[in-house]
Amino acid sequence: MSHLGHYPKTRLRRLRHAPNLRDLVRETALNATDFVLPLFIRHGSGIKNPIPSMPGQFQISIDRLDDEIREIIQLGIKNVILFGIPEHKDALGQDSYSDNGIIQTAIPVIKKIAPELVVISDICFCEYTDHGHCGVIIRHDDQYVLDNDKTLELLAKQAVSHARAGADIIAPSGMIDGMVHVIRNALDQAGFNNKPILSYSVKYSSSMYGPFRQAAEGAPKFGDRSTHMMDIANSSEAIRECSLDIAEGADMLMVKPAHTYLDIITRVKQAYPELPLGAYHTSGEFAMIKAAAEKGWINEKSAVLEVLTSIRRAGADFIITYFAKDAAAWLDEV
Ligand code: PBG
Ligand code: ZN
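Engineer: Help me get a handle on the site of ligand 1, residues and values and all.
Structural biologist: Near ligand 1 you find 19 residues, and of these Glu127, Lys203, Arg213, Lys256 and Tyr322 are the closest. Measuring from an oxygen atom of ligand 1, one finds a side-chain N or O atom of Lys203 at 2.6 Å. Between Arg225 and ligand 1, the recorded distance is 3.1 Å, taken from a side-chain N or O atom to an oxygen atom. Relative to its unbound accessible surface of 400 Å², ligand 1 loses 100% to contact with the protein.

The structure is reproduced here in structure tokens:
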């Protein structure tokens, strides 16, 4: 074997000479069916607000969803993830678990336009609380802290309420300990034992969420999220997070961000190959490509397809990406 394994008998360029040949031996394929498009649903009517830090992305009111959903379907996108911007924010984020909340109102409208579209519901509190934190804030030893177990009760209510409205997949994003456990129990008790949970199992306390926080109007008014999200320097801890989520009943795992955490995607996929793994190509990662492309410093189409392919090659089965529409259209061109 080894005496055959090198030049001049072995020439790796043999399989690179022609496009069809390269297609034949390509190891990773990108498909529109692997994409999940995030949508920002805003209260009010007649609204399609461009998000300054996310060119091409909008806050949309429910009455303007029709065109958007039809376009998405036309492009071959099969999945969306919803983020709500409610009219009223309060200390507990009550809109998120009210049956008349923004997401609970939007889902039936979307389902009416496109019953087959998979609707993933992001479950957290930061878009719904007046303080912008991901749960219940209490005062403890002269400090404001996010109370884990009080938050769990409300997360369960939010998940059941979104399931009742018709969400197909429940996706808790707050990195609250025990979130998958309580949500699984609550869904089962409410008769939703068939609703899968996509856990944001490995979500880093990252600088890559800045544009999203503008888009979803959910930046924390004080402090940060480092007491619940993972330290960016850690890798083994990601395996602990995933193993707990799996034990608690997660059906799918996620790593977030994606482009800056390809090593984590690979590690999680190798540790748990049997679970579908999503990766969230975040708003900051989106904005960096957009900004460089706008300046003419990078070719947007090839950069985007390269990054998305790399995320899949690293081990992600599907990608949540603001580029879903563009990438689907580009993949359709050839
Ligand atoms: C929380 C949530 C956030 C994102 C997805 N879900 C914001 C945060 O954790 O601060 C970020 C997504 C992105 O940056 O694109 N509801
Ligand atoms: Zn949050």
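That covers the picture; the talk isn't over yet.
Engineer: Please give an account of the packing of aromatic side chains that cites residues and values.
Structural biologist: Counting across every chain of the model gives 11 aromatic pairs. Arranged with centres 4.6 Å apart and planes meeting at 45 degrees, the rings of Phe286 and Phe323 form a pair that is tilted. One end of the pair, Phe286, is in helix α9 (residues 283–294); the other, Phe323, is in the loop between β12 (318–321) and α11 (324–333), with 37 residues separating them in the sequence. By the burial criterion, Phe286 is buried, and Phe323 matches it. Counting every residue linked through ring pairs, the aromatic cluster contains Phe40, Phe83, Tyr200, Phe212, Tyr280, Phe286, Tyr322 and Phe323. The ring of Tyr144 has Arg139 sitting right over it, with the charged end atom 4.8 Å from the ring centre. The ring of Tyr209 has Lys256 lying over it, and the distance from NZ or CZ to the ring centre is 4.2 Å.

Engineer: Tell me about the pairing of strand β1 (residues 35–42), residues and numbers included.
Structural biologist: Among the 8 residues in β1, 8 count as buried, and that is most of the element. Because side chains alternate across β1, one face comprises the buried residues Phe35, Leu37, Leu39 and Ile41, and the other comprises Val36, Pro38, Phe40 and Arg42, equally buried. One ladder, built from 2 bridges, connects β1 with β12; its direction is parallel. Along β12, the bridge assignment pairs Phe35 with Ile319. Bridge count between β1 and strand β4 (residues 79–85): 6 bridges; the pairing is parallel. The residue of β4 that forms the bridge with Arg42 is Ile85. Note that β1 and strand β3 (residues 58–61) share 3 bridges and pair parallel.

Engineer: Before we move on, can you summarise unusual backbone geometry with the specific residues and values?
Structural biologist: Trans is the prevailing form of peptide bonds, just as negative phi is the prevailing case for residues other than glycine. The linkage connecting Tyr7 with the following residue, Pro8, adopts the cis geometry, with an omega of 15 degrees. Note that Pro8 resides in the segment before α1 (19–25). Cis rather than trans, the peptide bond between Lys256 and Pro257 has omega equal to -10 degrees. Mapping Pro257 onto the fold places it in the loop between β10 (252–256) and α8 (262–271). Positive phi is not limited to glycine here, since Asp142 has a value of about 70 degrees. Secondary-structure assignment places Asp142 in the loop between β6 (137–140) and β7 (143–146). Residue class for Asp142 comes out exposed when judged on its relative accessible area of 66%.

Engineer: Can you tell me about the coordination of the zinc ion (ligand 2), naming the residues and giving the values?
Structural biologist: Each donor-metal-donor angle in an ideal tetrahedron of four donors is 109.5 degrees, and each such angle in an ideal octahedron of six donors is either 90 or 180 degrees. Around the zinc ion (ligand 2), the protein contributes the donor atoms Cys124 (SG), Cys126 (SG) and Cys134 (SG), which lie 2.3 Å from the metal centre. Donor residues for the zinc ion (ligand 2) sit on one chain with the sequence pattern C-x1-C-x7-C. With Cys124 in the loop between β5 (118–123) and β6 and Cys134 in the loop between β5 and β6, this pair connects stretches of sequence that are 10 residues apart. Owing to a relative accessible area of 1%, Cys124 belongs among the buried residues under this scheme.

So, how was this worked out
- Residues numbered from 1 in each chain as written.
- Chains lettered and ligands numbered in written order.
- Predicted model: local features only at pLDDT ≥ 70, side-chain atom pairs only at ≥ 80, totals over all residues.
- Heavy atoms only, no water.
- Near = heavy atom within 4 Å.
- Polar contact = N/O pair within 3.5 Å; in protein donor to acceptor, adjacent residues only side chain to side chain.
- Areas by Shrake-Rupley, 256 points an atom, 1.4 Å probe, with all protein chains shown as cover.
- Phe/Tyr/Trp six-rings, centres within 6.5 Å; stacked < 30°, edge-to-face > 60°.
- Helix = DSSP H or I, 4+ residues; strand = E, 2+ residues; numbered from the N terminus.
- Buried < 20%, exposed > 50% of the residue type's maximum accessible area, 1.4 Å probe, protein only.
- Lys NZ or Arg CZ within 6 Å of the ring centre and 35° of its normal.
- Pairing = 2+ DSSP bridges.
- Donors = N, O, S within 2.8 Å, 3.2 Å for Na, K, Ca; no water.

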